Amino acid sequence: MTLEEKLAQLYGLWAGASEDGAEVAPHQHDMDCPPSLDELLPSGLGQLTRPFGTVPVDPALGALSLMRTQERIVVANRFGIPAMAHDECLAGFAAWGATTYPVPLSWGAAFDPDLVREMAAAIGRDMRSVGLHQGLAPVLDVVRDARWGRVEETIGEDPYLVGTVGTAYVQGLESAGIVATLKHFAGYSASRGGRNLAPVGMGARERADVILPPFEMAVRESGVRSVMHAYTDTDGVPSAADEDLLTGLLRDTWGFDGTVVADYFGIAFLKTLHRVAPDWGAAASAALIAGVDIELPTVKTFGAPLRDAVAAGKLPESMIDRALRRVLTQKAELGLLDPGWTPVPTALAGVSTRVGGPADGQGLRGTVDLNSPAHRDISRRLAERSVILLHNDGTLPLDRPARIALIGPQADTPTAVLGCYSFPVHVGTQHPDTPAGIELPTLREALTAEFPEAEIVTVPGAGIDSPDTAGFAQAVRAARDADVVVAALGDRAGLFGRGTSGEGCDAEDLALPGVQGQLLDALLDTGTPVVVTLLAGRPYALGRAAGAAGTTALSGAAGAIVQSFFPGQEGAPAVAGVLSGRINPSGRLPVSVPRLPGAQPSTYLAAPLAQVSEVSSIDPSPAFAFGHGLTYTSFAWSGLSGPSGLEPGEPLEIGTDGSVRLSFTVHNTGDRAGTEVVQLYLHDPVASVVQPVQRLIGYLRVPLGPDERAEIGVRVPADLASFTGRDGHRRVEPGDLELRLGASSADVRLTARVRLTGPVRRVDHTRALHAAFTLTPGCENPGAA
């Protein structure tokens with residue numbers, strides 16, 4: 001291959017599919033004027049960027065447009081190499097008419113990797129059916145500051161939860177033949193001040209023990225084939241130019257052998273934002289040497305600037321060959337280099353797609369269904385399992401109220417359930433005359449269906465982020481005349497300041513946007529019981545509505561608080577089902593809910609110095625802790641035991657290379673079926689470097705019928721107590737530990753003391769990552785080993 005042909009495989013073209021099935025056209029964007037397809041094709045093309053996620057297009061016509069473009073690409077280059085086509089798939093395939101699923105923060109709330117894996121497989125099958133090869137998900141960033149606008153795209157504030165759920169997503173997507181992409185590698189979520197694309201100031205141990213473990217787990221266990229670098233710099237080194245990160249750690253240590261793709265325009269940012277490169281060629285060379293293989297979304301630096309750098313002797317051509325080998329290997333794995341490869345996707349198999357043929361253009365419209373009943377069922381189940389009951393004084397479930405006052409800006413807004421990367425929000429808002437393509441029942445419609453005998457009075461009261469309080473009076477009148485108030489509050493997802501949550505929509509503090517907090521207080525003042533429902537992308541401080549730390553009700557506190565993180569197209573019925581009691585809630589908080597709007601950054605994963613103290617006037621304690629969530633039944637935990645012969649009160653002794661086995665019983669003591677989420681935390685009271693007070697190392701959903709018991713067994717390897725020491729290496733130290741079994745990080749039910757004995761043991765990326773749970777339903781011997 002010539003140098004130009006090699007380079008052509010290392011960049012993409014942002015090209016939206018045609019709504020009439022014609023070839024794709026370059027997408028005009030704010031960053032630069034893209035080249036034409038005619039200019040690029042003689043040398044080939046590595047990637048097609050977002051053919052479905054750029055403009056609304058019927059899926060069948062989009063598939064036809066992509067197919068015709070691939071035909072042209074193959075004919076135009078002398079090796080007949082097609083392009084890989086990628087799109088977004090964070091909350092479902094980002095295409096018009098495709099199922100929208102709950103956002104990743106709701107995946108975390110469900111604590112259900114199996115269901116997330118099922119969802120991702122469904123997303124992947126849809127993408128593959130229309131000719132796509134790669135999806136730009138999942139986000140494995142660990143939340144460090146909830147003011148950051150992209151919190152909704154994350155799975156939570158705990159690396160183990162993020163790792164296990166994110167790994168399941170990758171497994172599902174890859175099982176369908178779609179290349180998953182881990183992002184953003186690494187540290188993007190830890191930017192200072194919660195600002196998007198801001199510098200990161202963390203130390204090496206925080207990076208190693210909090211930020212990197214989810215990526216490490218996914219690389220080891222999921223079969224992931226692509227990684228996207230982060231925009232940010234850490235301690236002055238941009239991720240896109242960090243050879244130690246992208247090659248030394250990712251490839252040489254962890255053994256990753258896929259492709260590293262640039263976050264959109266990220267290589268150019270080395271010159272324009274980071275200012276570590278004097279020109280485009282230097283930026284391209286720095287990224288390529290660091291380990292970035294593919295420039296996205298459109299060629300800017302990997303074309304002529306990189307060619308000129310090689311010609312000038314500033315970069316050896318071997319570096320281009322290294323990236324090319326990875327790209328072509330991946331295309332070969334996808335079958336794109338097979339002699340019998342065809343650009344016809346399965347969605348169009350057997351259909352005449354010739355120009356002017358019977359299935360051309362409008363004849364194909366409506367023939368591809370990306371929103372099947374089976375997919376809607378997955379979205380429904382995940383939405384239902386992710387709704388979190390934060391607080392309840394007995395107001396819920398609602399007992400046949402005659403009049404419900406549904407008040408708030410989320411009451412009658414179809415897109416209130418959607419995140420920033422769902423198609424109707426991400427693209428649809430730019431095309432207001434185009435229908436959403438899917439049914440999006442509002443909370444008003446869902447409550448009407450859930451309570452058919454009730455009169456439902458709907459009043460917006462205020463906008464999401466408007467300062468206008470003129471609607472308060474009408475809202476208060478409706479509240480006083482009702483049996484119960486459902487306050488519909490939360491966020492509007494958007495991009496770069498067009499919303500209150502989403503990419504570039506960072507918050508100054510965690511007070512409810514606009515005047516929603518004032519509206520809530522006005523509703524509480526009426527004396528009518530208030531049920532707060534939150535359709536949001538991040539947690540918010542709720543003031544007096546949350547009572548005293550969410551445990552002891554204050555005068556005028558809410559009767560109940562129901563939290564949902566952008567639960568997708570089936571989300572409003574899921575919330576309504578929790579209010580009626582049709583659904584017994586089982587969601588748990590993947591992020592802490594703050595007590596105060598300004599006590600940030602703060603996560604549960606904090607060291608002793610980050611806790612409340614007498615020497616600071618700021619109390620960072622949460623109103624509702626990580627892992628918290630209530631149900632309409634009750635559970636008793638009992639009978640914690642270890643190996644036979646253990647003396648009561650004595651610690652269990654194991655070597656630093658051993659493991660400990662525990663068992664206990666969970667009993668549903670209520671009169672209805674429900675799900676307990678067993679959470680296992682590790683507390684290390686004394687270590688050679690500062691440790692968080694506790695951290696999650698395992699969890700298990702335990703569904704039980706009324707009066708049903710289950711024996712839970714768990715084997716905990718000593719490896720799970722490892723951390724990064726002063727020398728930069730991961731180690732397991734001898735000493736005392738506590739294994740805390742609880743219903744949340746603040747609700748510990750059983751505690752086992754463990755003593756690790758023997759020498760300090762150094763471990764690496766081959767260490768054990770999981771505690772192994774077993775569940776035996778219907779046990780007759782509670783707590784038996």
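Per chain, residue numbering runs from 1 following the sequence as it is written. Since the coordinates come from a predicted model, pLDDT governs what is reported: local features require at least 70, and pairs of side-chain atoms require 80 or more to be given and counted, while whole-chain, interface and lining totals use all residues. Values shown for side chains rest on all heavy atoms present in the structure; no hydrogens or waters enter the calculation.

### Quick notes on the nonpolar core
- Ranked by internal contacts, the top residues of the largest apolar core, which has 210 residues, are Phe 93, Tyr 169, Phe 185 and Ile 407.
- Leave out the neighbours within four places in its chain, and Tyr 169 touches Cys 89, Trp 107, Val 116, Met 119, Ala 120, Ile 123, Ala 137 and Pro 138.
- Definition used in this section: a nonpolar core is a set of buried Ala, Val, Leu, Ile, Met, Phe, Trp, Tyr and Cys residues joined via side-chain atoms within 4.5 Å. Only protein chains enter the calculation, and the probe is 1.4 Å; a residue is then buried if its accessible area is under 20% of its type maximum, exposed if over 50%, and partly exposed in between. The next biggest cluster of nonpolar side chains, apart from the first, holds 34 residues, and it includes Val 660, Val 702, Val 732 and Ala 743. Contacts are assigned to residue pairs with any non-hydrogen atoms lying within 4.5 Å of each other.

### A word on the side chain of Gln 47
- To qualify as a helix, a DSSP run of H or I must reach at least 4 residues; to qualify as a strand, a run of E must reach at least 2; elements of each kind are numbered from the N terminus. Counting through the fold element by element, Gln 47 comes out in strand S3 (residues 47–49).
- Exposure remark for Gln 47: the relative accessible area of 1% places this residue in the buried category.
- A polar side-chain atom of Gln 47 sits 3.1 Å from a polar atom in the side chain of Gln 134.
- Filtering out sequence-adjacent residues up to four positions away, Gln 47 remains in contact with Tyr 11, Gly 12, Leu 13, Ala 83, Met 84, His 86, Gln 134, Ile 294 and Leu 296. Under this definition, polar contacts are N or O atom pairs within 3.5 Å; protein pairs additionally need one hydrogen-donor-capable and one acceptor-capable atom, and for neighbouring residues in sequence, both atoms have to be side-chain atoms.

### Considerations on the environment of Ala 623
- Mapped onto the elements, Ala 623 comes out in strand S18 (residues 622–624).
- By relative accessible area, Ala 623 is classed as buried at 7%.
- Taking the C-alpha atoms as reference points, Ala 623 and Leu 542, separated by 81 residues in sequence, lie 8.6 Å from one another.

### Topic: the environment of Val 116
- Turning to its location among the elements, Val 116 is positioned in helix H5 (residues 113–129).
- According to the relative accessible area criterion, Val 116 is buried, its value standing at 0%.
- Taking the C-alpha atoms as reference points, Val 116 and Gly 172, separated by 56 residues in sequence, lie 7.8 Å from one another.

### A word on the sheet that holds strand S7 (residues 226–229)
- Strand order in this open sheet of three strands is S6-S7-S10, and the pairing throughout is parallel. In this open sheet, the two edge strands, each paired with only one partner strand, are strand S6 (181–185) and strand S10 (259–261). Averaged over all pairs of adjacent strands, the angle between their axes in this sheet comes to 25°, without regard to strand direction.
- Relative to S10, S7 is paired through three bridges, and the arrangement is parallel. In the sheet register, Met 228 faces S10, and the bridge partner there is Val 261. In this analysis, strands are considered paired if DSSP registers two or more bridges between them. Helix axes are fitted to C-alpha atoms over the stretch in contact, other axes to C-alpha atoms as well, and angles between N-to-C directions run from 0 to 180 degrees.

### Examining the pattern of salt bridges
- In the sections that follow, a salt bridge refers to a side-chain nitrogen of Lys or Arg positioned within 4 Å of a carboxyl oxygen of Asp or Glu. Under the criterion given, the structure shown has 41 salt bridges.
- Put simply, Arg 701 and Asp 112 hold a salt bridge, and the shortest N to O gap is 3.8 Å. Of this pair, Arg 701 sits in strand S23 (residues 695–704) while Asp 112 sits in the loop between helix H4 (104–110) and H5, and the two are 589 residues apart along the sequence.
- Residue class for Asp 112 comes out buried when judged on its relative accessible area of 8%.
- For Asp 619, the salt bridge identified is with Arg 595, shortest N-O distance 3.8 Å. Of the two residues, Asp 619 is situated in the loop between strand S17 (593–594) and S18 and Arg 595 in the loop between S17 and S18; the sequence distance between them amounts to 24 residues.
- A relative accessible area of 31% places Arg 595 in the partly exposed class.
- Three or more residues are tied together by salt bridges with common partners; here these are Glu 118, Asp 377, Arg 380, Arg 381, Glu 384, Glu 450 and Arg 582.

### As for helix H6 (residues 159–175)
- Between the first and last residue of a helix there are one fewer steps than residues, each counted as 1.5 Å, and that sum is the expected span. With 17 residues, H6 should cover 24 Å at 1.5 Å per step; its first-to-last C-alpha distance of 24 Å lies within 8% of that length.
- The element H6 is largely enclosed, with a buried count of 15 among its 17 residues.
- Capping of H6 at its N-terminal end is provided by Asp 158; its side-chain oxygen lies 2.8 Å from the backbone amide nitrogen of Tyr 160.
- Two residues or fewer after H6 comes Gly 177, characterised by a positive phi angle close to 90°.

### Quick look at the sheet that holds strand S24 (residues 709–717)
- One open sheet accounts for four strands, arranged S19-S21-S24-S30; its pairing is antiparallel. In this open sheet, the two edge strands, each paired with only one partner strand, are strand S19 (635–641) and strand S30 (772–777). Across the sheet, the axes of successive neighbouring strands diverge by a mean angle of 20°, strand direction being ignored.
- Bridge analysis of S24 against S30 gives six bridges, and the strand direction is antiparallel. Residue Ala 710 lies in a different strand from S30, and its bridge partner there is Pro 777.

### Examining unusual backbone geometry
- Residues Ala 137 and Pro 138 are joined by a peptide bond in cis, for which omega reads 10°.
- For Pro 138, the position within the fold is in the loop between strand S5 (134–135) and H6.
- The omega torsion of the bond from Leu 396 to Pro 397 falls at -5°, within 30 degrees of zero and hence cis.
- Position of Pro 397 among the secondary structure elements: in the loop between strand S11 (388–392) and strand S12 (403–407).
- The residue Leu 197 is not glycine, and still its phi comes out positive at about 55°.
- With a phi close to 30°, Phe 566 is a non-glycine residue in the positive phi region.
- Among the secondary structure elements, Phe 566 is positioned in the loop between strand S16 (560–565) and helix H19 (571–580).
- For Phe 566, a relative accessible area of 0% translates into the label buried.

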